[in-house]
Amino acid sequence: MAITSYPFDAQVVTETQFSQMFREFQDSGVVASYEASGFLVSAGTGMTVNVQPGLAFLRGHFVNSTAIEPVTIPASGTAVRVDRVILRLDPSLNSIVLAVKQGTAGSSTPPALTQTDTGIYEMALAQITVNANVTSITAGDIAATRSIVGTRVGSWATSTRPASPRKGQLGFNNSTSTWEFWTGSAWAALISSVDWANLSGKPATFPPSTHAHVWADIADRPTSLPPSTHTHDWTQVTGKPTSFPPTTHGHAWSELTGVPSTFAPATHSHSWSSITSKPSTFTPSSHSHSSYLESGDTISWANGSKRVHQDSVSGSGTYYAVWVQGDGTFARNTSSRRFKQNIRDIEIDPEAVLSLRPRVYDRRPKEEGGDYLRDEFGLIAEEVAETLPEIVTYDDEGRIDALRYDLLGVALLSVVQDQADRIERLEAQLRELTR
């Protein structure tokens, strides 16, 4: 039999049949007002986002979350991507759960949702922009994409309007014969009745549309008409001159006669890269340097030649550590609170610092055939990245490039603090044992 009807007494009704029936009662979406927090996604700590409690329909099924749920976003890569936080209905598991759909690296398009009629059905709650090489998600990275449902079109009298309407709830008022909706604070007519006198934004005048008039219907027409712009054949022009002085114009060099064969150069300059046959090295002639170079010579500031070698760093001057920026310029290392924002605590695992392995190595020469720098010791950036990535830097291509050795001492504070805490606890235990 091709006709099926349900539910009736003593009849088995399947999950699929109930889903088909309930989805006709309510669309898929979050059951809340638009400004409410139901299933709203916000930034948490690090790569974690928080999903607020809420109610939602998914293809005729219902989900109720009663507490804030943390959801971890997969680690960032070397290129930006867009992930999705979703609710996923899986009838085979009899569940609706929160999940993350990871986007494609280098693409600003979020991953597609799976929405089948009887199997997996996914509903988006938010899009998360995961920027390259980040370790946390901020509020600016989150865009809400919730669908809000639960508002039904109704019909009522003024005295029987819904007691607790949601913003945007629409209905027909039989008392006034008008469509009205709830603004969040009052009922308002869907279409207002406005007369011309009270209409705002109306034009003061109306330009006529394209039309035509017969000449006899035109008032105040001129008795004669000056000619409009037009042309004449040259032979038809009278009083024309017999010759014309030339106007400003140009000629190709090959068309000029009497040009000089050579030109004495005027004072000018050339960039070093445009000079050909220049020597590869220069033997210095006798010359001298002043003890102090000109202000703004960043190389001199960095290598110390701004001061003569006998000078010490004592005195009342201010001294700074020097950083080399990515474009090769020098900058002073400042640490005052006024140069910083978004200040927050960071947990450094002492074991991560203690696992670092000092190494001895030979540094490659700058030029092929040059001398190696032998028996240099330090750390290997790729090894440090496995346990303490906070002090690893990357080049423009996203490759591991260098270490922030200046931050290693800061990381060591976690080891010292951990050891100090252990010593304090051991001393307390020792005091207890010796009582």
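Numbering of residues begins from 1 in every chain and follows the order in which that chain's sequence is written. Given that this is a predicted model, residues contribute local features only at a pLDDT of at least 70 and side-chain atom pairs are listed and counted only at 80 or more, while totals for whole chains, interfaces and linings are drawn from all residues. Side-chain measures were taken over the full set of non-hydrogen atoms in the model, leaving aside hydrogen atoms and water.

Asker: I keep staring at the overall build of the protein chain and nothing clicks. Help me out?
Answerer: Going along the chain from the N terminus, every DSSP run of H or I of four or more residues is numbered as a helix, and every run of E of two or more is numbered as a strand. Within the protein chain one finds five helices and 21 strands. The C-alpha atoms of the protein chain give a radius of gyration of 40 Å, which is well past the 22 Å a tight globule of 435 residues would have. With the C-alpha coordinates of the protein chain rotated into their principal frame, the extents come out at 130 × 105 × 55 Å. Contacts are assigned to residue pairs with any non-hydrogen atoms lying within 4.5 Å of each other. For the protein chain, restricting intrachain contacts to residue pairs at least 6 apart in sequence, the fraction spanning at least 24 positions comes to 46%. Areas reported here follow the Shrake-Rupley algorithm with a probe of radius 1.4 Å; residue values treat only the protein chains shown as occluding. Put simply, the protein chain shows about 33,100 Å² of open surface, and 54% of that area lies on carbon and sulfur atoms. Just so you know, the count uses Lys and Arg for positive and Asp and Glu for negative, and it drops His and the chain ends. Working definition for charges: the position is that of NZ of Lys, CZ of Arg, CG of Asp or CD of Glu. If you average the places of the 34 positive and of the 45 negative side-chain charges in the protein chain, the two averages end up 4 Å apart. When we talk radius of gyration, it's over C-alpha atoms, and the globule rule is simply 2.2 Å times the number of residues to the 0.38.

Asker: I'm lost on the packing of aromatic side chains in this one. Help?
Answerer: Think of a pair of aromatic rings as described by two things: how far the centres are apart, and how the planes are tilted against each other in angle. Any two rings among Phe, Tyr and Trp, with Trp reduced to its six-membered ring, count as a pair given centres within 6.5 Å; such a pair is stacked if its planes are under 30 degrees apart, edge-to-face if over 60, and tilted if neither. Using the criterion set out here, one finds seven aromatic pairs in the structure. With a centroid separation of 6.1 Å and 50° between ring planes, the pair formed by Trp234 and Phe244 is classed as tilted. In this pair, Trp234 sits in the loop between β15 (187-189) and α2 (298-303) while Phe244 sits in the loop between β15 and α2, placing the two residues 10 residues apart along the sequence. A relative accessible area of 46% means that Trp234 is categorised as partly exposed. Only when the NZ atom of a Lys or the CZ atom of an Arg is both within 6 Å of the ring centre and within 35 degrees of the ring normal do we say a charge sits over the ring. Of note, Lys202 hangs over the ring of Trp196, and the distance from its end group to the ring centre comes to 5.7 Å. Throughout this description, buried means an accessible area under 20% of the type-specific maximum (1.4 Å probe, protein chains only), exposed means over 50%, and partly exposed covers the range between.

Asker: Quick question: what am I supposed to make of a nonpolar patch on the surface here?
Answerer: Patches here: salt-bridge-free residues with over 30% relative accessible area, like charges joined within 9 Å, nonpolar side chains (Val, Leu, Ile, Met, Phe, Trp, Tyr) joined within 5 Å. Put simply, a salt bridge is a Lys or Arg side-chain nitrogen that is within 4 Å of an Asp or Glu carboxyl oxygen. Taken together, Val153, Trp179, Leu190 and Ile191 make up a surface patch of nonpolar side chains, about 440 Å² in accessible area. Mapped onto the secondary structure, Ile191 falls in the loop between β15 and α2.

Asker: Just checking my understanding: could you explain the sheet that holds strand β14 (residues 178-182) for this structure?
Answerer: Neighbouring strands of a sheet are bound in pairs by backbone hydrogen bonds; such pairs are parallel or else antiparallel. Pairing between strands requires that DSSP locate at least two bridges from one strand to the other. A sheet is described by the order of its strands in space; here four strands give the open sequence β12-β13-β14-β15, paired in mixed fashion. A strand with exactly one partner marks an edge of an open sheet, and here the two such strands are β12 (154-156) and β15. Each neighbouring strand pair of the sheet contributes to a mean axis angle of 35°, computed without reference to strand direction. The axes used here are C-alpha line fits, helices contributing only the stretch in contact, and every angle between their N-to-C directions lies in the interval 0 to 180 degrees.

Asker: Teacher, can you tell me more about helix α5 (residues 405-433) here?
Answerer: Because each turn of an α-helix spans 3.6 residues, side chains separated by three or four positions end up pointing in the same direction. By this rule, a helix spans an expected 1.5 Å times one less than how many residues it contains. In a regular helix each residue adds 1.5 Å, so 29 residues correspond to 42 Å; α5 covers 43 Å between its end C-alpha atoms and thus fits that length. Taken as a whole, α5 has its buried residues at Leu408, Ala411, Ser414 and Val415. Buried residues along α5 sit against α3 (350-354).

Asker: Just checking my understanding: could you explain the confidence of the model for the protein chain for this structure?
Answerer: Where the model shows low pLDDT, its predicted coordinates should not be examined in detail. Here the protein chain averages 84 in pLDDT, while 90% of its residues score no lower than 70. Confidence scores per residue from the predictor, reported as pLDDT, run from 0 to 100. Element-level pLDDT for the protein chain is lowest in α2, with a mean of 47, against a maximum mean of 98 in strand β3 (residues 48-51).

Asker: Where do I start with the pattern of salt bridges in this structure?
Answerer: A side chain of one charge can pair with a side chain of the opposite charge when the charged atoms of the two come close. Applying the stated criterion to the full structure yields 13 salt bridges. Between Glu122 and Arg88 there is a salt bridge; the shortest N-O distance is 2.9 Å. Of this pair, Glu122 sits in strand β9 (residues 121-130) while Arg88 sits in strand β7 (residues 81-90), placing them 34 residues apart in sequence. Taking relative accessible area as the criterion, Glu122 reaches 3% and is therefore assigned buried. The partner of Arg399 in a salt bridge is Asp395, and the shortest N-O contact between them spans 2.8 Å. Several salt bridges share partner residues, and in doing so they unite Arg88, Lys101 and Glu122 into one network.

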